[in-house]
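# Descriptive structure summary
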Amino acid sequence: MNYRLLKNLFSVVPTRFKQLQLSAIVILLAILLSVFTKWISPAQTAKPVVLNLLMTAPDAQPWKEGLVKRFEEKNPGIRINIIEGPNATNLLEDLYTSAFILGDSPYDLVNMDVIWTPKFAAAGWLMDLTDRMTAKELAAFSSWDVEGGRYEGRLYRIPMRSDVGILYYRKDLLEEGGFAPPKTFADLIAISQSLKQQNKVNWGYLWQGRQYEGLVAMFVEVLHGFGGFWIDPKTLEVGLDRPETLEAIAFLKQTMQAGISPPGVTTYQEEETRRIFQSGQAAFLRSWPYVWPLANAPDSPIQGKIAIEPMVSASGENGGACLGGWGLGISKSTRYPQEAWKAIQYFTSEEAQRQFVLKAGFVPSRRSLFTDPQIVAKYPHYPQLLKVLEKAVLRPPIAQYAQASDILQRYLSAALTNRLSGEKAMKQAAQETRRLLGKS
Amino acid sequence: MVGEEFPSVKTKNIGQHLWLGIAIALVLIFSLAPVMWQLLTSFKVNQDISKVPTVYFPTRFTFGHYIELFTRRPFWRYIFNSAFVAIISTSLALGFGAPAAYALARLRPWGGRVILTSILLVTLFPGILLFLGLLEIVQALHLGNNYLALIIPYTAINLPLTILVLHSFFQQLPKDLEDAAKIDGYNTWQMLVQILLPLTVPALFTTGILTFIFAWNEFIFALTFITREQMKTIPVAVAQLSGASTFEIPYGPIAAATMVGTFPLVLLVLFFQRKIVQGLTAGAVKG
Amino acid sequence: MANTVMMSKLHAIRRQEQITAGIFLLPAAILLLFVFGYPIVRAFWLSFFAKNLATKLQPVFCGLDNYARMVGDGHFWQSFWIATTFTTASVILELLLGLGIALVLNQKFWGQGGVRTIAILPWALPTALMGLAWAWIFNDQFGVVNDILLRLGIIKTGINWLGEPTLALLATIFADVWKTTPFISILLLASLQSISPDLYEAHAMDGAKPWQSFYQITLPLLAPQILIATLFRFAQAFGIFDLIAVMTGGGPGGATEVISLYIYSTVMRYLDFGYGAALMVVTFLLLVLAVASASFLLNKSRIAAK
């Protein structure tokens with residue numbers, strides 16, 4: 001039997017086997033091709049060094065036309081490839097994160113929101129930039145912006161654009177009513193109520209109350225204003241179940257109960273609040289600097305009628321302004337660290353920033369530019385913005401910030417929408433946060 | 001449900017005809033509506049897309065969204081990536097699955113029932129349970145952004161269906177064929193390849209279509225294991241399409257991308273509807 | 001004498017068969033174990049370690065800490081509850097709709113093949129792409145649904161489908177039902193077609209009305225098929241990821257964040273690998289429990305049918 005098998009094998013196999021062989025070889029080649037495609041992939045370029053940078057699509061346009069063009073002119077051997085990403089910053093963060101986790105990150109430069117730095121640094125994805133800038137050079141930037149780029153004492157991000165929470169108000173209405181700009185929470189409520197009673201406005205105070213990162217950004221200001229804290233980055237102590245936190249929540253709830261904030265405020269993000277404020281229906285708005293040029297546009301009903309000031313606080317406490325903003329870091333896995341550093345130096349240089357601010361209206365990170373005559377001519381509120389920036393409050397720069405923020409968002413939202421009492425909500429939030437930080 | 005489930009009644013009255021007609025129309029509208037809507041949107045100008053109330057019969061059309069798709073993004077690459085991964089993983093699934101199915105059908109291996117049941121059970125594992133372990137492997141072997149990182153999981157995911165479908169198919173083949181072949185001295189592998197395989201081509205084809213569809217549509221692994229723009233597959237690339245300036249989400253290009261990305265599948269379904277139905281029922285009924 | 005020879009020959013053939021079977025099964029078995037088996041085992045193993053940003057992504061043994069944390073994790077229970085709601089609603093709707101469509105497709109009419117083709121279409125299309133389409137259809141400002149409702153005068157202002165917690169969940173359920181109903185209807189159609197018409201004729205002659213036939217013949221005969229389809233769909237819907245990730249991203253405020261989204265973001269956003277593994281283990285065990293109970297029920301119904 002075996003002998004016959006073998007005989008048949010040898011006679012029959014060649015013809016049929018060839019066919020099989022052919023298809024097997026094709027598939028094998030295809031697999032080999034896929035294994036080696038990485039090396040054939042189009043990231044190759046002839047001579048110029050290409051640095052990849054990911055940012056949101058709306059930001060990409062001004063970058064490409066302005067900063068990148070000028071940089072490439074000055075540095076012919078380096079090209080910056082701006083990759084357009086989604087508009088939502090949390091989606092952008094996910095793109096960076098998944099690329100880094102996978103281990104084959106295509107990004108050389110990293111455009112980071114201030115709250116991403118601790119996470120990226122703790123994960124070991126960023127190059128340590130501490131020794132690349134002297135203290136003097138760093139002093140040119142606002143100290144809080146620089147601090148926002150640090151993790152455990154080392155520097156990972158050079159600030160590019162600043163962003164800070166500010167209180168907008170209708171200076172025309174306040175002047176009419178003979179009010180000085182409010183300094184305390186109580187003032188804010190009093191003025192709002194007064195103006196509302198006189199039917200000057202529909203609403204007194206607009207803030208972002210939806211369950212998202214912006215809620216937390218808004219909340220840290222109020223919390224700071226009552227003398228409380230969220231998480232101490234050094235000791236990892238959680239301050240959510242302290243009386244100050246409950247006072248902060250009580251204040252926000254009061255704005256709704258007293259009728260000076262619309263009941264829908266717990267569904268608002270930045271744009272909703274801006275639209276209502278811009279249509280002239282409200283006296284106060286807590287938001288970010290981007291509102292200013294829009295509110296002062298020629299077709300805006302409140303053009304020329306607004307002013308800004310730092311966020312109010314409880315009497316005896318300091319007001320806090322939540323720090324946002326973007327900065328540049330270098331990915332550890334880049335093949336061109338020197339070129340990447342060159343790019344960062346250029347993008348954060350005074351000249352480049354000035355052009356950028358004048359063209360695209362972003363808030364600069366260099367202190368000198370806030371009082372630069374050219375810029376002040378266009379944006380007269382910038383000197384005051386600088387003052388607010390100096391009093392900035394950082395969201396806790398801990399590696400697990402995203403998770404802590406998620407916990408606070410959920411419980412804060414539950415408290416503000418009365419699904420849970422403030423006390424219960426914060427107690428549970430504190431518990432979960434402590435568990436997260438391993439300190440239960 | 002109304003009394004239409006009476007298949008043996010040859011003559012229906014007008015009322016039943018009417019109900020049936022309405023039911024059929026509803027089924028058609030239900031199945032086609034979103035696809036048709038995206039088709040329409042993909043050709044609308046931006047102003048019409050964001051017009052309120054909605055424009056159902058636009059007067060102006062544009063190819064702009066399609067052009068934008070292929071110029072601003074490497075859409076050809078996406079199509080190639082999807083097709084390449086789908087075809088290779090389909091071939092491998094068939095190549096590994098056919099012998100396995102044959103073994104289970106005819107060779108009655110020890111523990112065959114257990115193997116078959118576990119293969120069936122494994123189809124119930126959602127990808128979310130698997131992606132962490134696989135991610136670690138991809139990291140360790142530096143297979144990130146490599147086609148293999150998708151081909152291997154897709155092949156494995158398609159194996160159960162392949163095996164089940166081919167298994168029921170092999171069971172239905174007449175045994176005399178194999179007995180005759182054995183007498184003629186063919187060994188099992190030869191018999192499988194030279195005699196049975198030509199007969200199973202229809203079943204292979206059917207299974208191949210199903211596995212192609214699964215591989216083309218797969219999302220979570222493609223999202224996790226491929227991050228380079230040039231290597232992305234269509235579903236992930238389209239989900240990450242972003243817009244510039246005024247439009248927060250580029251509805252036009254997304255609609256165009258949907259049409260391009262679903263077009264091959266629509267063709268498959270159109271031409272091979274019968275086979276698809278066969279394959280699905282064979283695979284699932286056998287459970 | 002001849003018998004013994006034949007017996008040993010049969011044994012030899014049998015052994016040869018076993019070995020061949022083993023070889024034939026080997027590649028598939030290896031691949032399946034590798035892709036399906038290893039990750040589950042790994043998840044079990046990793047769940048006893050803390051591997052996150054606090055440990056600088058190094059695994060540190062922590063026993064049952066991850067599981068203890070899960071008990072008090074409001075987010076986990078919320079996502080579990082949402083997944084259950086989603087799955088139950090989705091599967092029930094699919095069964096009803098699928099059965100209806102199968103009944104319609106079972107009729108003989110002109111263009112039957114064409115209608116069947118179209119009915120399958122939703123199932124064959126990529127979930128991610130169609131999820132985007134549905135998000136567009138449910139868009140609060142420009143969406144078709146709002147437009148139709150407005151024109152019909154049922155509502156005065158556009159409903160913010162994807163911005164309201166309950167409505168967003170409804171929208172995703174609807175989209176999922178749309179996508180997977182064809183799967184159910186095809187399965188049921190095949191079973192329907194295998195029911196002999198004589199059964200109905202006999203029943204009719206006994207004076208039964210159509211809907212009585214439905215309840216007394218059709219449903220019982222379809223029952224095993226329905227149960228299997230339910231089981232499959234339950235497992236799939238419980239682990240659903242693409243559709244929701246693309247339509248709502250888990251929003252608004254986590255209202256549509258099903259368990260798979262939570263697991264994914266725990267790993268890929270929070271880099272909390274150990275905890276994510278623990279979540280996977282629990283989800284896996286719950287699935288196993290559900291499948292076991294379902295097959296138990298299935299067996300019981302089979303025995304009862306006999």
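Residues numbered from 1 in each chain as written. Chains lettered and ligands numbered in written order. Predicted model: local features only at pLDDT ≥ 70, side-chain atom pairs only at ≥ 80, totals over all residues.

### A look at the confidence of the model for chain A
Put simply, the test is: Looking at any residue, its pLDDT shows the predictor's confidence there, from 0 to 100. We call two residues in contact when the distance between their C-beta atoms, placed using the backbone, is within 7 Å.
Mean pLDDT for chain A: 87, with 91% of residues reaching 70 or above. Contacts for the low-pLDDT stretch residues 5–16 of chain A, under 50 throughout, to residues beyond four places or in other chains number eight contacts.

### Focus: the environment of Ala171(C)
All names here are of chain C. Under the convention used in this document: Here a helix means four or more residues in a row that DSSP labels H or I, a strand means two or more in a row labelled E, and each is numbered from the N terminus. Burial in this document is a count-based property: other C-beta atoms within 10 Å of a residue's C-beta are tallied, and the residue is buried at 20 or more, exposed at 12 or fewer, or partly exposed in between, with C-beta positions derived from the backbone.
Among the secondary structure elements, Ala-171 is positioned in helix H7 (residues 165–193). On the neighbour-count criterion, Ala-171 (23 C-beta atoms within 10 Å) is buried. A C-alpha to C-alpha distance of 9.8 Å links Ala-171 and Ile-137, two positions 34 residues apart in sequence. Apart from the residues within four sequence positions on either side, Ala-171 is in contact with Trp-134, Phe-138, Trp-161 and Leu-162.

### Notes on the pairing of strand S9 (residues 282–287) of chain A
Residues and elements named next belong to chain A. We apply this condition: The criterion for strand pairing is that DSSP finds at least two bridges linking the strands in question.
Among the six residues of S9, six are classified as buried, and the element is accordingly described as predominantly covered. Relative to S9, strand S7 (residues 166–170) runs antiparallel, the two sharing four bridges. When the sheet's bridge partners are listed, Leu-167 is paired in S9 with Arg-286. Judged from the three bridges that link them, strand S8 (residues 203–206) and S9 form a sheet pairing that is parallel. Paired with Tyr-205 across the strands is Phe-284, a residue of S9.

### Describing helix H8 (residues 185–197) of chain A
Residues and elements named next belong to chain A. The criterion, for reference: Here the expected span of a helix is defined as 1.5 Å times the quantity of residues minus one. The directions from the helix axis to the C-beta atoms are what the arc is built from.
In this model, H8 (13 residues) spans 18 Å end to end at C-alpha, consistent with the 18 Å of a helix rising 1.5 Å per residue. Taken together, the buried positions of H8 are Phe-185, Leu-188, Ile-189, Ile-191, Ser-192 and Leu-195. Along H8, the residues classed as buried sweep out an arc of 170 degrees about the axis, all on the same side. Tucked inside the fold, the buried residues of H8 contact helix H7 (171–177), S8, helix H9 (213–225), helix H10 (243–257) and S9. Once H8 finishes, Asn-199 follows within two positions and takes phi at roughly 60 degrees, a positive value.

### Here's the deal with the packing of helix H7 (residues 148–172) of chain B against helix H9 (residues 188–217) of chain B
All names here are of chain B. Put simply, the rule reads: With axes taken as lines fitted to C-alpha atoms, and helix axes fitted only over the stretch in contact, angles between N-to-C directions fall between 0 and 180 degrees. When describing relative orientation, an angle under 35 degrees is termed roughly parallel and one over 145 degrees roughly antiparallel, while 65 to 115 degrees is termed roughly perpendicular and anything else oblique. Here is the rule for handedness: rotate from the far helix to the near one, and if that takes an anticlockwise turn smaller than a right angle the crossing is left-handed, while a clockwise turn gives right-handed. Note on residue classes: Ala, Val, Leu, Ile, Met, Phe, Trp, Tyr, Cys and Pro are nonpolar, Asp, Glu, Lys and Arg are charged, and everything else, Gly too, is polar.
At a minimum axis distance of 10 Å, the contact between H7 and H9 shows a crossing angle of 150 degrees. It follows that H7 is roughly antiparallel to H9 by the angle criterion. You can see that H7 and H9 cross each other, and the crossing is right-handed. Contacts between H7 and H9 involve Tyr-154, Ile-157, Asn-158, Leu-161, Thr-162, Val-165, Leu-166 and Phe-169 from the first element and Thr-200, Ala-203, Thr-206, Thr-207, Leu-210, Thr-211, Phe-214 and Ala-215 from the second. Residues that form the contact of H7 with H9 fall into these classes: 10 nonpolar, six polar and no charged.

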